[in-house]
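Here is how the chains run, residue by residue.
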Amino acid sequence: MTISIIGAGNVGGTLGRIWALKGHSILFGVRNPKSEKTLRSLSDAGPSAQVLFVKEAAARSEIVVLATPWESVPEVVFQIADMSGKILVDCTNPVRPNPEWPLSQGTSAAEEIAKRLPGFRVVKAFNTLGAGSLVDVTFESMKADGFLCGDDTEAKQLVGRLAEEVGLRPVDVGGLRNAELLESLAKLWITLAYQQGIGPNIAFKLLHRF
Ligand SMILES: NC(=O)c1ccc[n+]([C@@H]2O[C@H](COP(=O)([O-])OP(=O)(O)OC[C@H]3O[C@@H](n4cnc5c(N)ncnc54)[C@H](OP(=O)(O)O)[C@@H]3O)[C@@H](O)[C@H]2O)c1
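Below is a summary of the structure that appears in this document. As the structure is a computational prediction, the values presented were derived from the model and not from experiment.

**A word on the overall build of the protein**
At step 1: Per the secondary structure count, the protein includes seven helices and ten strands.
At step 2: When its C-alpha atoms are laid out on the principal axes, the protein stretches across 45 × 35 × 35 Å.
At step 3: Out of the 210 residues in the protein, the part that is buried amounts to 52%.
At step 4: Taking as baseline every contact in the protein between residues at least 6 positions apart, the subset at least 24 positions apart corresponds to 69%.
At step 5: Of the accessible surface of the protein, which amounts to about 10,600 Å², a share of 53% is contributed by carbon and sulfur atoms.
At step 6: Averaging the positions of the 22 positive and the 22 negative side-chain charges in the protein gives two centres separated by 2 Å.

In C-alpha cells form, the structure reads like this:
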C-alpha cells in the first residue's frame, strides 16, 4: 500500500519507519524535501521511502497520514483539499490553540478536518499514546490499545490493520463524532505523563471480563 505521511516528526517519522519495514511504500510529505536535517532524520526509513513535497506525496498515495502540529493542519488541508477519495488518518491532538481554526466544545480536530475535506474518509487514530511507545507497544506482556474512530467501516478496518502492524490492538470507538473522546484521552495521557510526573512510558488498555 502507498502511504503518505504528512509531518515526518516523532509520530509520522516513527509510523513511516515501521510501515516501511512491513513492506509499504512510504512517501514522507514535508515542507522542504531538500532540507539536510529532514533527510538525515529520515535516512533510516529504508531505501523505498521517499521524501517529497506535501502535495506530491499526498497525491501519489491511497492513505494520507496527518501528523503535524494542530497549528499546521489548515495549511496542509488547503494543499490536499482537491484530492478526494482518499483515506485520511488524523493523528493530531489540538493541544495548542489554532487561531485559524479555533475549536469550540462539542467538536474535535478530526471533525473540523473532515468538514473541510468532504471527499476524504477520515479516521482518527494513533493519537492516544506517546510517539516513543510506538516502537514498542508491549507493556508488562500486554499490547497497548490503538483506539480509532471514523464513519467509514472499510477505512477503519484498513487503519485497524495498520495499527496491528505497529503491534497495537485496534479498538473501534465508533463514528467520527467520538473523536472528541480520543482527543480528551490524549489530554489525559499528557496530564498523567507530564503533570502527574508518571513519565511517557504509559499507554491505555481496555480490560475485558468474559
Ligand atoms: N509526540 C507524541 O507523543 C504524540 C502522540 C500522539 C499524537 N501526537 C500529535 O501528533 C502530531 C505530531 O506530533 P509530533 O510529536 O510528531 O510532532 P513533531 O515531532 O514536532 O513533528 C511535527 C512534524 O510536522 C512537520 N510540519 C509542521 N508543519 C508542517 C506543514 N505545514 N507541512 C508539512 N509538515 C509540517 C514538522 O516539520 P518541520 O521540520 O518542517 O517543522 C515536523 O516534522 C501533533 O498534532 C501531536 O499533538 C503527538
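This is not the end of the story, as more comes after the structure.
**Section: the site of the ligand**
At step 1: Taken together, 22 residues form the shell around the ligand, and within it V11, R31, T68, S72 and A131 come nearest.
At step 2: Between the ligand and the protein, one listed contact pairs an oxygen atom with a backbone N or O atom of G9 at 3.4 Å.
At step 3: Residue R31 places a side-chain N or O atom 2.7 Å away from an oxygen atom belonging to the ligand.
At step 4: Look at the ligand: alone it shows 900 Å² of surface, and the protein chains cover 75% of it.

**Remarks on the environment of A110**
At step 1: Counting through the fold element by element, A110 comes out in helix 5 (residues 109-116).
At step 2: In this structure the C-alpha to C-alpha distance between A110 and G150, which are 40 residues apart in sequence, comes to 9.0 Å.

**A short note on the packing of aromatic side chains**
At step 1: For the structure shown, the criterion picks out three aromatic pairs.
At step 2: Aromatic side chains W70 and W101 sit 5.8 Å apart centroid to centroid with 65° between the ring planes, which places their arrangement in the edge-to-face category. Highlighted residues: W70 in the loop between strand 4 (63-66) and helix 4 (73-80) and W101 in the loop between strand 5 (87-90) and helix 5, separated in sequence by 31 residues.
At step 3: Relative accessible area serves as the criterion here: at 2%, W70 is assigned to the buried category.
At step 4: Consider the rings of W189 and Y194, whose centres lie 5.9 Å apart with planes at 75°: the pair is edge-to-face.
At step 5: What makes W189 buried here is its relative accessible area of 8%.
At step 6: A relative accessible area of 53% means that Y194 is categorised as exposed.
At step 7: Above the face of the W101 ring, R116 is positioned so that its terminal group lies 3.9 Å from the ring centre.

**Some points on the nonpolar core**
At step 1: Membership of the largest hydrophobic core comes to 34 residues, with the highest contact counts inside it found for W19, V65, V89, F126, V166 and L168.
At step 2: Counting only elements with at least two residues in this core, the list comes to strand 1 (2-6), helix 1 (10-21), strand 2 (25-30), strand 4, strand 5 and helix 6 (153-166).
At step 3: With six residues, helix 6 is the single largest residue contributor to this core.
At step 4: Setting aside residues no more than four positions away along its own chain, L168 makes contact with F126, L129, L134, V137, A144, D145, G146 and A163.
At step 5: In this structure, L27, A58, A110 and L176 belong to the second largest nonpolar core, which totals 33 residues.

**Details of the pairing of strand 2**
At step 1: Of all six residues in strand 2, five are buried; the element is thus mostly enclosed.
At step 2: Taken together, the five bridges between strand 1 and strand 2 define a ladder with parallel strand orientation. Directly across from I5, in strand 2, lies its bridge partner F28.
At step 3: With respect to chirality, the unit in which strand 1 leads through helix 1 into the neighbouring parallel strand 2 is right-handed.
At step 4: Note that strand 2 and strand 3 (residues 50-53) share four bridges and pair parallel. By the bridge assignment, G29 is partnered in strand 3 with L52.
At step 5: Regarding the hand of the β-α-β motif, the stretch spanning strand 2, helix 2 (residues 36-41) and strand 3 is right-handed.

Procedures and definitions
- Here the residue index of a chain counts from 1 through its sequence in written order.
- Since the coordinates come from a predicted model, pLDDT governs what is reported: local features require at least 70, and pairs of side-chain atoms require 80 or more to be given and counted, while whole-chain, interface and lining totals use all residues.
- Water and hydrogen atoms were dropped before computing side-chain values, which therefore reflect all heavy atoms in the structure.
- A run of H or I in DSSP becomes a helix once it reaches four residues, and a run of E becomes a strand once it reaches two; helices and strands are each numbered from the N terminus.
- For every residue, the accessible area obtained with a 1.4 Å probe (protein chains only) is divided by the maximum for its type, and the residue is called buried under 20%, exposed over 50%, and partly exposed between those limits.
- We call two residues in contact when some of their heavy atoms are within 4.5 Å.
- Note on areas: Shrake-Rupley with a 1.4 Å probe; residue coverage comes only from the protein chains shown.
- When charges are counted, Lys and Arg contribute as positive and Asp and Glu as negative, whereas His and the chain ends are disregarded.
- By convention, the point assigned to a charge is CZ for Arg, NZ for Lys, CD for Glu and CG for Asp.
- If a single non-hydrogen atom of a residue is within 4 Å of a molecule or strand, that residue counts as near it.
- A 3.5 Å cut-off defines polar contacts: any pair of N or O atoms within that distance qualifies, except that in protein one atom must be a possible hydrogen donor and the other a possible acceptor, and neighbouring residues in sequence count only when both atoms are side-chain atoms.
- Ring pairs shown here join Phe, Tyr and Trp side chains whose ring centres sit within 6.5 Å, with only the six-membered ring taken for Trp; geometry is labelled stacked below 30 degrees between planes, edge-to-face above 60, and tilted in between.
- Charges are assigned to positions over rings by a cutoff of 6 Å between ring centre and Lys NZ or Arg CZ, combined with an angular limit of 35 degrees from the ring normal.
- Grouping buried Ala, Val, Leu, Ile, Met, Phe, Trp, Tyr and Cys residues that are joined through side-chain atoms within 4.5 Å yields what is termed a nonpolar core.
- When DSSP locates at least two bridges between a pair of strands, those strands are taken to pair.
- When the strands point away from the viewer, a crossover counts as right-handed if the path from the first strand over the helix to the second runs clockwise.

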